[in-house]
Amino acid sequence: MNVDKAKKRIAKQVKKGFHRYPLISLEYIGKTPDRASEVVISFTAEENAEPQKQTFVSSKDAREDEAIQSALVKIIERADAKTVAEQDGVSVIN
């Protein structure tokens, strides 16, 4: 899937806001706010449940990695997520 198309599909889900569970949340992480070297996707099946997490790492910006963005779309679809949340920007780690 084209990276722009995948990003648009994710953004459309995020804009819908909270619509119950299951919930998928996305957090981009990097050493600088300009480049996300990894993305953590969390799946929460129901309220107060422990989230299941999976991390994808990229040698380039994960937000522009076609394989990662396509995988995120597939995970969201297969999980039948009612809510998709995305943290703004890139979380900086040292």
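Above this text sits the structure in question.
Draft legend 1. Highlighting the pattern of salt bridges. Under the criterion given, the structure shown has 4 salt bridges. The closest approach of N and O atoms between Glu77 and Arg9, which form a salt bridge, is 2.1 Å. Of the two residues, Glu77 is situated in helix H2 (residues 66–79) and Arg9 in helix H1 (residues 3–15); the sequence distance between them amounts to 68 residues. Its relative accessible area of 44% is what places Glu77 among the partly exposed residues. The exposure class assigned to Arg9 is partly exposed, which follows from its relative accessible area of 34%.

Draft legend 2. Quick peek at the sheet that holds strand S3 (residues 52–57). An order of S3-S2-S1-S4 is seen for the 4 strands of this open sheet, with the pairing classed as mixed. Two strands close off the open sheet at either side, each with one partner strand: S3 and strand S4 (83–92). Strand-to-strand twist of the sheet, defined as the mean angle between neighbouring strand axes without regard to direction, takes the value 15°. Here strand S1 (residues 23–30) runs beside S4; their pairing, made up of 7 bridges, is parallel. Residue pairing in the sheet places Tyr28 in a bridge with Val90 of S4. Along the sheet face, H1 touches S1 and S4 and points at about 110° away from the line of S4.

Procedures and definitions
Residues numbered from 1 in each chain as written. Predicted model: local features only at pLDDT ≥ 70, side-chain atom pairs only at ≥ 80, totals over all residues. Heavy atoms only, no water. Salt bridge = Lys/Arg side-chain N within 4 Å of Asp/Glu carboxyl O. Helix = DSSP H or I, 4+ residues; strand = E, 2+ residues; numbered from the N terminus. Buried < 20%, exposed > 50% of the residue type's maximum accessible area, 1.4 Å probe, protein only. Pairing = 2+ DSSP bridges. Axes fitted to C-alpha atoms, helices over the stretch in contact; angles between N-to-C directions. Contact = heavy atoms within 4.5 Å.

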